Amino acid sequence: LFISGVGLYNIFHCDPQIIYAISPLYMYRFMRSIDITSWRSLGSILLCIAGSEAMFADLGHFSKKSIKVTFVCLIYPALVLCYAGQAAFISKNLSVTHLTESVPSRSLRHVFMVLSLCASAVGSQATITASFSIINQCLALGCFPRVKVIHTSDKIHGQVYIPDVNWVLMVLSLAITIGFRDTARIGYATGMAIIFGMLVTTCLMSLVIALHWEKSLLLSACFLVCFGSIEAMYLSACLMNFHKGAWYLVLLLVFTMTIMLAWHYGTLKKYEFDLENKVSSDWLTELSPGLGVSRVPGIGFIYTDIVTGIPAFFSHFITNLPAYHQVLIFVSFKSLPVPCVPPSQRYLIGRVGAEEYKVYRCIVRYGYCDRIRDTDDFEDHIIRSIGEFISREESDFEALTSPKGRMIVVGCPTIDGNALIPLNGNTTTVVSTSLANNETQSPLGDPSGSGCAPARRKKVRFMLPPNSPIMRVSVREELQELVDARESGTAYFLGQSHLSVRDGSNFLKRFLVMTYVFLDKNCREPPVALNIPHAALVEVGMVYTI
């Protein structure tokens, strides 16, 4: 409102006819008589829209309708009046050096400077939030190293905050300001950033028209040629100022793309290796006993990203150390694009092999606002859910699942007195907790004897309910084995992969793998590795040769 008011003042005070310059005829005359100097100035013209396009980056935070109304009714008219007023002022004052002189009063110029600083903060905030949204999407596509993502809204999925990226943006902003010390050089880099963003958007939009909207290729090509030719013209003008500051943008682009490409390449190769080297469930349940594999008391939680078969790191562990626990639970985490997953739909439980092997698979589904690993009783919820799964297996499988890969949705059981209520609302008792939760000292207690309070971790003990005529003997026996295994102790297995390159690989492959290894060692640990007691953690190292 301030710049449009100043623009109106200069239009009526200096040259009311300047408003006719909005006509495309003047643009045509400019292009007809253009020379190398005029062509170079096209890169500076891009700065007229710098900042206004940032509001479109807020699509993850505001609705499309609100952005359209704001731009058409406020932003665009304000920009036209502002630049028309500045042009009218310059036409009467050709020796002007700073556009702040177009503000009529000296006292208003101080107000203008304060508002400019505030506007810069607002505009940068739009770009910062857009960076958060882009990084969050890259994380979902496996194209960026692991960083902490904080969802600030339980209703709008796109509202995220990434502290690490926020600090990086601050450092880069200070580096550009201190390094360039000139708004003109920063302006050249800004212009190239804007036109690159427009050109990439146009290319992707042409693909959307042809592939997603399923329109004709001719329409997509016309869109690409119409808008792409204009943007290519401005891009060529920006490239003429490459040595004046735009080089920094290309340098930052190469650095960022190297990180994204290396992370995506390493992640993809690791996942392909896991899929190619996983073993079938029959290997664990049928072949391994013939190899002299023994069962030891306790429960083993094996955390893996794959939801079928046995992960390669666990078969590697059994091959070198032929023993595993009395009860095995393969746990996988899958995120859903919802704020919270109801407890009644959180766990997907199934068997691996026959009943006598006591091997289960649990897929934990969670939303972006769930904090399932922040509690110490997470594994206890899984054990109680498996107990409910065992009791419901015979009656529910025929209606809910196919014979192969049988899995059933089991919620986090709720406690009513000492009994756990199944998901379907019946009062069938599955497993009940003991009369008290016994707190035992964590293995991570203070070994130094310094007198500090030791870390404590709750350990929930389970017991079977009284004899029930509706519970079959085989179900009670399996539940009793689950309780006995829990009493014997719990171990957690995590795969620790190490990438290596085959001899004779080219330089590019070696460079990407080395970059991925460096990023993997220095970025945030996987969420599954948090809150696991170190004394019960078994990390299985395995070399992936790609």
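Since the model is a prediction, treat every value here as computed from it, not as a measurement. (Residues numbered from 1 in each chain as written. Predicted model: local features only at pLDDT ≥ 70, side-chain atom pairs only at ≥ 80, totals over all residues. Heavy atoms only, no water.)

Honestly, the overall build of the chain in this entry has me stumped. Any pointers?
In terms of helices and strands, the chain carries 14 helices and 15 strands. With 546 residues in all, the chain has 36% of them scored as buried. By element, 64% of the accessible surface of the chain is carried by carbon and sulfur atoms, the whole surface being about 31,100 Å². (Helix = DSSP H or I, 4+ residues; strand = E, 2+ residues; numbered from the N terminus. Buried < 20%, exposed > 50% of the residue type's maximum accessible area, 1.4 Å probe, protein only. Areas by Shrake-Rupley, 256 points an atom, 1.4 Å probe, with all protein chains shown as cover.)

Can you walk me through the packing of aromatic side chains in this structure?
The geometry of an aromatic ring pair is captured by two quantities: the separation of the ring centres and the angle between the planes. The final tally for this structure, using the stated rule, is 20 aromatic pairs. Taking 6.3 Å as the distance between ring centres and 40 degrees as the angle between the ring planes, the aromatic pair formed by phenylalanine 71 and tyrosine 76 counts as tilted. A connected cluster of aromatic rings, assembled from ring pairs, spans Phe301, Tyr303, Phe333, Tyr366 and Tyr492. A cation over an aromatic ring shows up here: arginine 29 above the ring of tyrosine 26, its NZ or CZ 5.5 Å from the ring centre. (Phe/Tyr/Trp six-rings, centres within 6.5 Å; stacked < 30°, edge-to-face > 60°. Lys NZ or Arg CZ within 6 Å of the ring centre and 35° of its normal.)

Looking at this model, I keep getting lost on a nonpolar patch on the surface. Mind explaining?
Together, Ile19, Tyr20, Ile22, Leu25, Tyr26 and Tyr28 make up an exposed nonpolar region whose accessible area comes to about 620 Å². Its location among the elements puts tyrosine 20 in the loop between α1 (2–14) and α2 (24–32). On the basis of relative accessible area, tyrosine 20 is assigned to the exposed category, the value being 54%. (Patch = residues over 30% accessible without salt bridge, like charges linked within 9 Å, V, L, I, M, F, W, Y side chains within 5 Å. Salt bridge = Lys/Arg side-chain N within 4 Å of Asp/Glu carboxyl O.)

Help me understand the UniProt feature "transmembrane region" (unreviewed entry) in the chain in this model?
In the numbering adopted here, UniProt assigns the feature "transmembrane region" (unreviewed entry) to residues 37–57, 69–91, 111–139, 160–180, 186–210, 217–235 and 247–265. Counting secondary structure, residues 111–139 comes out at 100% helix and 0% strand; the distance between its end C-alpha atoms is 42 Å. Helix makes up 86% of residues 160–180 and strand 10%. Its end C-alpha atoms lie 31 Å apart. (UniProt positions renumbered as here; feature names shortened; annotations may be inferred.)

Mind showing me how you'd approach the sheet that holds strand β6 (residues 359–366) here?
As a general point, the strands of a sheet are linked pairwise by backbone hydrogen bonds and lie either parallel or antiparallel. Taking strand neighbours across the sheet as the criterion, the 7 strands line up as β7-β5-β6-β4-β3-β14-β15 in an open arrangement whose pairing is mixed. Where the open sheet ends on each side, the last strands, each with one partner, are β7 (407–410) and β15 (537–545). Taking the axes of each pair of neighbouring strands and ignoring which way they run, one obtains an average angle of 25 degrees across the sheet. One ladder, built from 4 bridges, connects strand β5 (residues 347–351) with β7; its direction is antiparallel. Across the sheet, residue glycine 350 finds its bridge partner in β7, namely methionine 407. Those strands touched by helix α9 (residues 247–277) are β14 (490–500) and β15, and its axis lies near 100 degrees from that of β15. Sheet strands in contact with helix α13 (residues 473–488) are β3 (294–303), β4 (323–335), β5, β6 and β14, and its direction is about 80 degrees off that of β3. (Pairing = 2+ DSSP bridges. Axes fitted to C-alpha atoms, helices over the stretch in contact; angles between N-to-C directions. Contact = heavy atoms within 4.5 Å.)

Explanation requested: unusual backbone geometry in the structure shown.
Keep in mind that most residues, glycine aside, have a negative phi and that most peptide bonds are trans. A positive phi angle, close to 55 degrees, is found at arginine 181, a residue other than glycine. In this fold, arginine 181 is placed in the loop between α6 (163–180) and α7 (183–212). In the Ramachandran plot, glutamate 214 falls in the positive-phi region, its phi being about 60 degrees despite a non-glycine side chain.

Is there a simple way to explain the environment of threonine 201 in this structure?
For threonine 201, the position within the fold is in helix α7. Residues threonine 201 and glycine 228, 27 residues apart in the sequence, show an inter-C-alpha distance of 9.7 Å.

Got a minute to help me understand the side chain of serine 220 in this structure?
Within the element layout of this structure, serine 220 appears in helix α8 (residues 217–239). Dropping the residues within four chain positions of it, serine 220 is found in contact with Ser206, Leu207, Ile209 and Ala210.

Would you take a moment to explain the nonpolar core for this structure?
Generally speaking, a soluble globular protein has its nonpolar side chains buried in company with each other. In this structure, Leu284, Phe314, Ile318, Phe330 and Phe493 are the most contacted members of the largest nonpolar core, which totals 34 residues. Contributing elements (two or more residues each) for this core: α9, α10 (281–290), α11 (312–320), β4, β14, α14 (507–522) and β15. With near-sequence residues (within four places) excluded, phenylalanine 493 lies in contact with Gly300, Phe301, Ile302, Tyr303, Phe313, Phe314, Phe317, His325, Val538 and Val540. Grouped together as the second largest cluster of nonpolar side chains are 28 residues, Ile299, Val331, Ile390 and Leu479 included. (Core = buried A, V, L, I, M, F, W, Y, C linked by side-chain atoms within 4.5 Å.)

What is the right way to read the pattern of salt bridges from this model?
Two side chains bearing opposite charge may form a pair once their charged atoms approach each other closely. The tally for this structure, following the rule as stated, stands at 5 salt bridges. With a closest N to O distance of 3.8 Å, glutamate 272 and lysine 269 form a salt bridge. With glutamate 272 and lysine 269 both in helix α9 and 3 residues apart, this pair spans about one turn of that helix. Given a relative accessible area of 27%, lysine 269 falls into the partly exposed group. In this structure, the salt-bridge partner of glutamate 478 is arginine 351, at a minimum N-O distance of 2.8 Å. Linking glutamate 478 in helix α13 with arginine 351 in strand β5, this pair joins segments that are 127 residues apart in sequence. Of the two residues examined, glutamate 478 and arginine 351, each falls in the buried class.

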